[in-house]
Amino acid sequence: MVKVGIVGLTGCSGCQCEILNCQDALLKLLTLVDFALFPLAKDGEFDGELDLLFVEGSVSTFLDKEKLLKLREKAKILVAVGSCACYGGVQAQRNDEAELEQMIREVYGKWELPFELFKPSPLSDFVEVDYFLPGCPVDKKQFVYTVASLLNGVKPFFPKLPVCHECKLSENECLLLKGVPCQGPVSYAGCGAPCTAKGVGCQGCRGDCDFPNHQEMLSLLTQRGLSYEDAVKFLKVFRGNSFKVRGLNEKGA
Amino acid sequence: MEFHIDRAKVLPKANLWELLEGLKKRYKLIAPVKEGEKFAFREISDVSSVELNYTRTILPPKKFLLPYRRERFSYDPETMEFKSSFKAEEQVIFGIHSCDLHGISILDSIHLKENPDPRYLEVRRKTILIGISCFPDEYCFCLSTGTAFPDGANWDLFLTDVGPDYFVSIGSPKGDEIVLTFKHLFREIEKEDLELYKRSTAKKKRAFNEENLPDLERISQLIELEYDSPVWEEEAKRCLGCGTCTNTCPTCFCYTSVDVPDLTGKEVKRIEFITSCQYPYYSLVAGEHYFKPTRTSRFRHRYYHKFVGYPYQIEKLGCVGCGRCTAECPAGISMVKTIKRLRGVDEKELREVTE
Amino acid sequence: MKKSLEKLLNKPLPANPFLPLKAVITDVEELAPEHKKFTFSFLEPSACERWSHIPGQFVMLTVPKAGEIPISICSSPTRKGVIELTVRKVGRKTEVLHKLGPGDLVAIRGPYGNGFPVEIMEGHNVLIIAGGLGIAPLRSLIWYILDRRHLFKDVYLLYGTRNYEAVLYKDELSRLKERKDIKCLYILDRVETPEDEKWSSGREGLITELIGEVELEPSETFVAVCGPPVAYKFIGKELLKNGYPESQIFVSLERKMECGIGKCGHCQIGYKFACVDGPIFPLWDTKNLPEMI
């Protein structure tokens, strides 16, 4: 039986909960695979080889790093689940703005801690990641599709369409046209655009779509009342410290 | 028939609701409704929600003929037996503007002429199209594309607002049947009705502002000759590549298909979903090669396909002047303005167009 | 209602053009690293008999669970009963295909595209220029011509690839070299090993270098070219320099294809669809179709 692991590093465990919410698929999966390692849902230790490993959360502590390196060695396929694992997550959004010591003193009041901490980072900073499933939380349908494809020996297909695609096809009123800051045009779809359907601008939790036009996005956001700095911060919320404004001379621009 | 117009009737406005009720009883009724500040074609449960005076819906009625996501078929990967679960439903789409009717006629040419798609044909046969007249806003340019009036299109009934009544043109045997079924709601044409009808054409024509209209004479040649114009790159700089222009277009038809296996590997579904030429992956082949590698090439491609590609394929422009791509573009890119810039209209005139 | 539309709507429901036919892999041959030649046969004997194609056409091959891929046919229609496809392992679908072997089921629909204008080529010289994997669709043309040799005048084959290891159809092409009714010139990008040396008789360089050596009357010659996208510009230029008329030079082009029947839009080249108006285009079309090569 295929051995599957689902583990979390630093994060809210929301993605793992979302996986637990895939009820119908999980019931089927239980007959097809062995969830050898799933600390959130299952007791017991497992130290063997894994065929498929899903990792949630960012690497923020020494413990995270140790765990990740050890698991990578045991896993044939590693999938980063959620925006923390893919990009560092919301906790990484100000990585480039403050020193670690300053942050820790601010939060804990002292610099000395029982274990080593570092700036929240995506998994790919430490190990090779085979597939990325961003989202805050991860999208259930996309998770099931990924599992189904991999179990069938096929690589999943993820064209990085912008959120506008799903939003427009759901026939929502365009929030940018209404003056609401929205990152839809530069963010990676797959979520089904639930936020914009409820009138909340896209926060870009799934990161960039293919070849995003950040410059035009920033100019649209500033036209809607944000300062340039705030607009950049808005785009950085989920994109983490990996974010940079793409120039128009770059590939695909 | 007194005036030799045996293909038209008059429907007093007060009778319209009863007609809609009657249609709803017989078919799945689809009509425009107001949602927020915009409009959308929806399946109607309460006919009083039908919006008669709307400008444009966010999405064209295309979505009821070509769903944005559908299963082509499923197959068993062991036996390679294919099966289709496709089923078409009898439906009436009410309240379609002339531009969208022309859009459907373009889709008809694409899906029914060469390599006809039996699914489209079945849906199309089971769909009754009832059009309604409209007045242009600042984004409409159907007068330029020759789609402001429903002549030669492919509808069943067309309602022209002539004041107290609708002048109802009958376009097909199916349309005629509806009129017969509800004949108590219609009356014969009088001489005055005809006068009013004729006047309504002139009235709509006058409602266009010349500045909002592009000159589409020899547009195919213009786009081909201006292929290397700097205008493309200048406009493309503002393009987000979000695909809104193509997703809201009544004539765009591109889609991608992908095989989705289920968890057990016993069934694979082949899913088709609508896509856009503005997305980079659209031209991506295995081996990481993009045939349309730049934003400019993708931006230009849409114009090129609309004004050069469609005329080559189906001998009609691919644009019906509905104005959706411009009205819905988050970056405010205007098709009319781009065409005017390619034509070399001077800056002053240009400012008047955009302001 | 417009008459033309009435006609369209009243036609009987056509067969579903998307529905493929079941086929079985009968043979797999490893030609070079990452390149395999698959031989297919339809399960239904009548489908095998009905099948015919024109060299240069392609099929849509369903790789179970992975999806459909467009692959040009490398077997000749003069050899009945089987379809051969040469596939490079390059993406997520071909990877799955490369794991399949004899006895495995797939599905095929087609043939699609226009193919080379073989009937117009009859009575003329033919110059075939292949770069790398481009030899695959041209192999179909080569055998079509050789099997009907009397219909054509002089025939040349120019084939360039990376090195001997990357040469496809090694045995077949070596045997062609021995034949008197086709003149073969082979070249390699790099000549490093004794096998390389033997294959190209020490010729190292680009395929364009061979064009000047062809002894054919250009105005009496049809040229068929297939190679990597970057090569077309240079090959085209060299052919024109040598006096071959651009309306007699036919290139086979690759684009993203999803449907094969002009419905999905992905394969547009200028105003044409590579799947129905191509994939074979006269070089003259570069004037019409921007970004064609």
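For every chain, the first residue of the written sequence is number 1, and numbering continues from 1 along that sequence. The order in which chains are written sets their letters, starting at A; the order in which ligands are written sets their numbers, starting at 1. Totals for whole chains, interfaces and linings use every residue, but because this is a predicted model, local features are given only for residues with pLDDT of at least 70 and side-chain atom pairs only at 80 or more, for both listing and counting. Water and hydrogen atoms were dropped before computing side-chain values, which therefore reflect all heavy atoms in the structure.

## What to know about empty space enclosed by the protein
In this approach the atoms are scanned with a rolling probe the size of a water molecule, which exposes any empty space left behind. All names here are of chain B. In this analysis the probe radius is 1.4 Å and the grid spacing 1 Å, with only protein atoms considered; a cavity is a set of points the probe fits into but cannot get out of, a pocket is an open set with protein on both sides within 12 Å along at least five of seven lines, and lining residues have an atom within 4 Å of a point. Grid points are joined across faces, edges and corners, and a volume is the space filled by probe spheres set on the points. Under the counting rule described, the total for this entry stands at eleven cavities of 30 Å³ or more. Estimates place the volume of the largest cavity at around 150 Å³. Lining the largest cavity we find 16 residues, and of these Cys239, Cys242, Cys245, Cys329 and Ile333 sit closest to its centre. Top contributing element to the lining of the largest cavity by residue count: helix 10 (residues 295-314), with three residues. Only runs of H or I of at least four residues qualify as helices and only runs of E of at least two qualify as strands under DSSP, and these elements are numbered from the N terminus.

## Description of the sheet that holds strand 2 (residues 28-35) of chain B
Residue and element names in this part refer to chain B. Strands pair, by our definition, only if DSSP identifies at least two bridges between them. Spatial strand order, 1-9-8-7-6-2-3: seven strands in an open sheet with mixed pairing. Of all strands in the sheet, those bounded by a partner on one side alone are strand 1 (8-12) and strand 3 (38-43). Taken pair by pair, the neighbouring strands of this sheet meet at an average axis angle of 25 degrees, ignoring direction. Here strand 1 pairs with strand 9 (residues 165-170) via five bridges, running antiparallel. Within strand 9, the position partnered with valine 10 by the bridge is phenylalanine 167. Think of each axis as a best-fit line through the C-alpha atoms, taken over the contacting stretch in the case of a helix, with angles from 0 to 180 degrees between the N-to-C directions.

## A closer look at the sheet that holds strand 11 (residues 268-274) of chain B
All names here are of chain B. One open sheet holds the four strands; their spatial order is 5-4-11-10, and the pairing between them is antiparallel. Each edge of the sheet is formed by a strand with only one pairing partner; in this case those strands are strand 5 (81-83) and strand 10 (255-261). Geometrically, the sheet is characterised by an average inter-axis angle of 25 degrees between neighbouring strands, direction not taken into account. Bridge count for strand 10 against strand 11 is seven bridges, and the pairing is antiparallel. Across the sheet, the residue bridging to valine 260 is lysine 269, located in strand 11.

## So, the domain arrangement of chain B
Residue and element names in this part refer to chain B. The domain boundaries here were taken from an automatic or database domain assignment. If you check the domain split of chain B, you get domain 1 (8-68 + 83-210) and domain 2 (219-252 + 277-354). The centre of domain 1, based on its C-alpha atoms, is set 28 Å off from the matching centre of domain 2. Residue contacts follow a heavy-atom distance rule, with two residues in contact if any of their heavy atoms lie within 4.5 Å. Listed per partner, the contact involves 25 residues of domain 1 and 24 residues of domain 2. Defined here as a combined quantity, buried area equals the accessible surface (1.4 Å probe) lost by two parts on assembly, summed across both. Of the roughly 2000 Å² buried between domain 1 and domain 2 on both sides combined, carbon and sulfur atoms contribute 60%. Looking only at domain 1, the three residues that lose the most surface to domain 2 are Ile106, Tyr139 and Phe141, adding up to 30% of its buried area. The salt bridge definition used is simple: a Lys or Arg side-chain nitrogen within 4 Å of an Asp or Glu carboxyl oxygen. Where domain 1 touches domain 2, the interface holds two salt bridges. Between glutamate 328 and lysine 38 there is a salt bridge, and its shortest N-O distance comes to 3.0 Å. Of all the secondary-structure elements, those providing two or more residues to the side of domain 1 that touches domain 2 are helix 2 (98-112) and helix 4 (142-145). A total of nine residues in the side of domain 1 that touches domain 2 trace back to one element, the largest contributor, which is helix 2.

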